[in-house]
There are 2 protein chains.
Amino acid sequence: MKQSLLHKLKDTLAGNGLKVTHQRLVIFETIDGASNHPSAEQIYDKIRKKNPSISLGTIYKTLEVFVEKGLINRVNTPKGNMRYDGIMENHNHLYCLNTNEILDFKDEKLSEIISDYLKSKKINNFNIKDIRLHITGEKIDIDKKVNFDNN
Amino acid sequence: MKQSLLHKLKDTLAGNGLKVTHQRLVIFETIDGASNHPSAEQIYDKIRKKNPSISLGTIYKTLEVFVEKGLINRVNTPKGNMRYDGIMENHNHLYCLNTNEILDFKDEKLSEIISDYLKSKKINNFNIKDIRLHITGEKIDIDKKVNFDNN
DNA sequence: CTTGCTGCAAAAGGTTTGCAGCTCC
DNA sequence: GGAGCTGCAAACCTTTTGCAGCAAG
């Protein structure tokens, strides 16, 4: 984990009267080091290997705190469960219906086009907090051609 | 319910070797007549008033069939639960974080801008099935000024 | 009549909650 | 030392599943 991020985490916690615990450090590290937008359970499984006594409840509570304080993002999926994303820069996601992977789709220009368009439209009676493009489909793996049951 | 929609429902069911049951008619009618993107539970509650013996399991199974056959859309929400939408034309949603309402945001031009942009970008290794803009925020009610606990 | 559907009830995920004991500051 | 956090287990909520009896074609 980059030193600057560690500082941000500690500062944010301290600034909110929250304690810097081992569990919080490890959970943050795990999300930051993951490129796969892990679920709470996946974070739990990964951490448990080195830290067998951590509990799933703590993972959930900690994720809640991190989301609330703007340290990570919660991502909802077509399957209905939640995933977590350490990248805070504005970006969108590709949802693979076959593998359940969430792939990052960073495109500042597109984000800008959409937000400019919405601004120009001046949606009445609605205070926009977040704009997110959900692109669902299927990842095409060039190397291995995979066959699925429902084809 | 419009006659054409009723026909579409019956034809789709019959065409797939599925039976046209009272429950299916009522569930379809309920979604079609709803402007609020109901959850399974909400559909259940509404139908139960006139149809006390219907079961929630049937609602879920029926919704699954309808979604599979392209008669309705399933919509996932920031809260994680699923909602159902009878409008099949391409459109986007505004998610109100205060009231949990889902408001329709129909804007063909925007949908076109986004899909054209993505086409021009030619995303490799991903076969796009659906593009959906999720706009989250807060509905502003002009008439009544509401105070929330967390202000 | 036969296949598929319904209602019921149980089970399965995923997430939240309550609380006693422990940790950080 | 005291507020806040953790681990545990139970509870919760939404959705799925299995099955015996029932209804549609």
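Numbering of residues starts from 1 in every chain and runs along the sequence as written. Chain letters and ligand numbers both follow the written order, the letters beginning at A and the numbers at 1. Only residues with pLDDT of 70 or above have their local features reported here, since the model is predicted, and side-chain atom pairs are shown and tallied only from 80 upward, although totals for entire chains, interfaces and linings are computed over all residues. Remark: hydrogens and water are excluded; side-chain values derive from all non-hydrogen atoms of the structure.

1. Quick word on the pattern of salt bridges
Then step 1. A pair is scored as a salt bridge if a Lys or Arg side-chain nitrogen falls within 4 Å of a carboxyl oxygen belonging to Asp or Glu. Tallying each qualifying case throughout the model produces twelve salt bridges over all chains.
Then step 2. A salt bridge links Lys129 of chain B to Glu138 of chain A; the shortest N-O distance between them is 2.8 Å. Remark: Glu138 of chain A occurs in strand E5 (residues 126-139) and Lys129 of chain B occurs in strand E5 (residues 126-139); the pair is interchain, linking two chains.
Then step 3. Residue Asp45 of chain B is joined to Arg48 of chain B by a salt bridge in which the shortest nitrogen-to-oxygen separation is 3.0 Å. Of this pair, Asp45 of chain B and Arg48 of chain B are both found in helix H3 (residues 40-50), three residues apart, which corresponds to roughly one turn of the helix.
Then step 4. Here's how the labels work: a residue is buried when its accessible area is under 20% of the maximum for its type, exposed when over 50%, partly exposed in between, all with a 1.4 Å probe on protein chains only. Residue Asp45 of chain B is classed as partly exposed on the basis of its relative accessible area, which comes to 33%.
Then step 5. On the basis of relative accessible area, Arg48 of chain B is assigned to the partly exposed category, the value being 34%. Numbered from the N terminus, helices here are DSSP runs of H or I no shorter than four residues, and strands are runs of E no shorter than two.

2. Description of the confidence of the model for chain A
Detailed reading of the predicted coordinates is not advisable wherever pLDDT falls low.
Then step 1. Confidence of the predictor in every single residue is expressed as pLDDT, which spans 0 to 100. In the predicted model, chain A carries a mean pLDDT of 92, and 93% of its residues have values of at least 70.
Then step 2. In this model, residues 145-151 of chain A is a region of pLDDT below 50 whose contacts with residues beyond four sequence positions or in other chains number one contact. Working rule for contacts: check all heavy atoms of both residues, and any pair within 4.5 Å makes them a contact.

3. Considering the protein's contact with DNA strand D
Then step 1. The local shell around DNA strand D holds 17 residues, among which Lys19, Thr21, Gln23 and Arg24 of chain A together with Tyr60 of chain B are the closest.
Then step 2. Throughout this document, a residue counts as near a molecule or strand when at least one of its heavy atoms sits within 4 Å of that molecule or strand. When atoms of DNA strand D within 4 Å of the protein are split into backbone and base, the sugar-phosphate part holds 67%.
Then step 3. Between Lys19 of chain A and DNA strand D, the recorded distance is 2.7 Å, taken from a side-chain N or O atom to a base nitrogen.
Then step 4. The definition of a polar contact used here is a pair of N or O atoms within 3.5 Å, where within protein one atom must be able to donate a hydrogen and the other to accept one, and adjacent residues in sequence count solely through side-chain atom pairs. One of the side-chain nitrogen or oxygen atoms of Tyr60 of chain B is found 2.4 Å away from a phosphate oxygen of DNA strand D.
Then step 5. Elements with a minimum of two residues in the surface near DNA strand D: helix H2 (22-33) and helix H4 (56-68) of chain A together with helix H4 (56-68) of chain B.
Then step 6. Top element by residues in the surface near DNA strand D is H4 of chain B. It accounts for three residues.
Then step 7. Charged residues are taken to be Asp, Glu, Lys and Arg, nonpolar residues to be Ala, Val, Leu, Ile, Met, Phe, Trp, Tyr, Cys and Pro, and polar residues to be all remaining types, Gly included. Within the surface near DNA strand D, the residues separate by chemical class into six nonpolar, six polar and five charged.

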